[in-house]
Amino acid sequence: MTKKDVSENHCFYCFDVLEAFLENKPIPKASFPDDAYPLFITWHSKFKGHRELRGCIGNFHPLPLRKGLQQYALTSALNDRRFSPIELTEMPHLDCAVSLLTDFELAKDYLDWDIGKHGIWIEFSLVDDDDDNNILYGRRRRRSSKTTTTATYLPEVIGEQGWTKEEAIDSLLRKGGYHRHITEAKRKSIILTRYQSQKITRTYADYRTHCALREGETLTLSSGA
């Protein structure tokens, strides 16, 4: 990953989108290139010195940035089932992170990635080969797509949590809904894709400064100065 495509304007646009939705007003026009990327939007709230996650949702399929940021700025802020929807009164306490995902590679095994460099996306079955319900007349049944699920951690998550690779994998299995005892055979059965991320974070205070500058430029243009 050499080219830096993520921009603070992406964060500011996410604030534009969320504020416009909460105040029922038009979204300001985006001014950045509309290239396509897989992306994630993460919202945190900091109040009285305590910073907490308020939403993090994204997509692994490349989307034009303007459409993707607009969609996931709202989805992550309002529809992350782990949290209550963000409200207008929270806006001054928010920061927004935009992660553009790049350099996807199929790993050789579940340990073939580097902490702090790679995000990991795993695909695995919720049904094990030794499940009684998975054996029919002495023959293995083919796994249904309904029993296959996925889970991911962005590159920064594992380092922030202080996990080993094995601990990160086990946490992802739990995150994806696997509740049985985790064996080495289960870890080896997963399909792991590693990826990298271009990430930038901006606060609501940064956003308000951006808005003031944008409004000043608009006034200058309208006055013909």
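For the structure given in this document, a descriptive report is provided here.

1. Regarding the packing of aromatic side chains
Under the defined criterion, the tally for this structure stands at twelve aromatic pairs. Taken together, a centroid distance of 5.9 Å and an interplanar angle of 65° make the contact between Phe15 and Tyr204 edge-to-face. Separated by 189 residues along the polypeptide, Phe15 in helix α1 (residues 8-23) and Tyr204 in helix α6 (residues 204-223) bring together distant segments of the chain. Here the two residues Phe15 and Tyr204 agree in accessibility, since each one is buried.

2. Here we look at the sheet that holds strand β7 (residues 148-153)
Spatial ordering of the open sheet is given by β2-β1-β3-β8-β4-β7, a layout of six strands whose pairing is antiparallel. Across the chains shown, the open sheet's two edge strands, defined by having one partner strand only, are β2 (50-64) and β7. Averaged over all pairs of adjacent strands, the angle between their axes in this sheet comes to 25°, without regard to strand direction.

3. A short note on the environment of Glu160
Relative to the helices and strands, Glu160 is located in helix α3 (residues 155-161). Between the C-alpha atom of Glu160 and that of Gly116, which follows or precedes it by 44 residues, the distance is 8.9 Å.

4. Some remarks on the nonpolar core
Counting residues in hydrophobic clusters, the biggest one holds 32 residues, and the most contacted among them are Cys14, Phe15, Leu18, Ile41, Trp43, Leu69 and Val98. Elements supplying a minimum of two residues to this core: α1, β1 (36-47), α2 (65-78), β3 (94-106) and α6. Residues in contact with Leu69, not counting those within four places in the same chain, are His10, Tyr13, Cys14, Phe32, Leu39, Ile41 and Val98.

5. A word on the side chain of Arg54
By secondary structure assignment, the location of Arg54 is in strand β2. Overall, the relative accessible area of 5% leaves Arg54 in the buried class. Polar contacts involving the side chain of Arg54 include one to the side chain of Glu90, which spans 2.9 Å.

6. Comments concerning α1
The end-to-end C-alpha separation of α1 is 22 Å, in line with the 22 Å expected for 16 residues at 1.5 Å each. Within the span of α1, buried status applies to His10, Cys11, Phe12, Tyr13, Cys14, Phe15, Asp16, Val17, Leu18, Glu19 and Ala20. In this structure Ser7 caps α1, since a side-chain oxygen of it lies 3.0 Å from the backbone nitrogen of Asn9. Remark: Asn24 follows α1 within two positions and exhibits a positive phi of approximately 55°.

7. Details of the pattern of salt bridges
Applying the stated criterion across every chain, the model contains 15 salt bridges. In this structure, Asp128 and Arg180 form a salt bridge, with 3.2 Å as the shortest nitrogen-oxygen distance. With a gap of 52 residues between them, Asp128 in the loop between β4 (119-125) and β5 (135-136) and Arg180 in the loop between α4 (165-175) and α5 (184-189) connect regions that are remote in the sequence. Given a relative accessible area of 11%, Asp128 falls into the buried group. Since its relative accessible area comes to 37%, Arg180 is described here as partly exposed. Salt bridges linked by common partners bring Glu19, Glu23, Lys25 and Arg208 together as one network.

About the thresholds
Residues numbered from 1 in each chain as written. Predicted model: local features only at pLDDT ≥ 70, side-chain atom pairs only at ≥ 80, totals over all residues. Heavy atoms only, no water. Phe/Tyr/Trp six-rings, centres within 6.5 Å; stacked < 30°, edge-to-face > 60°. Helix = DSSP H or I, 4+ residues; strand = E, 2+ residues; numbered from the N terminus. Buried < 20%, exposed > 50% of the residue type's maximum accessible area, 1.4 Å probe, protein only. Pairing = 2+ DSSP bridges. Axes fitted to C-alpha atoms, helices over the stretch in contact; angles between N-to-C directions. Core = buried A, V, L, I, M, F, W, Y, C linked by side-chain atoms within 4.5 Å. Contact = heavy atoms within 4.5 Å. Polar contact = N/O pair within 3.5 Å; in protein donor to acceptor, adjacent residues only side chain to side chain. Expected span 1.5 Å × (residues − 1). Salt bridge = Lys/Arg side-chain N within 4 Å of Asp/Glu carboxyl O.

Read these as layout, nothing more, since geometry by itself doesn't imply function.
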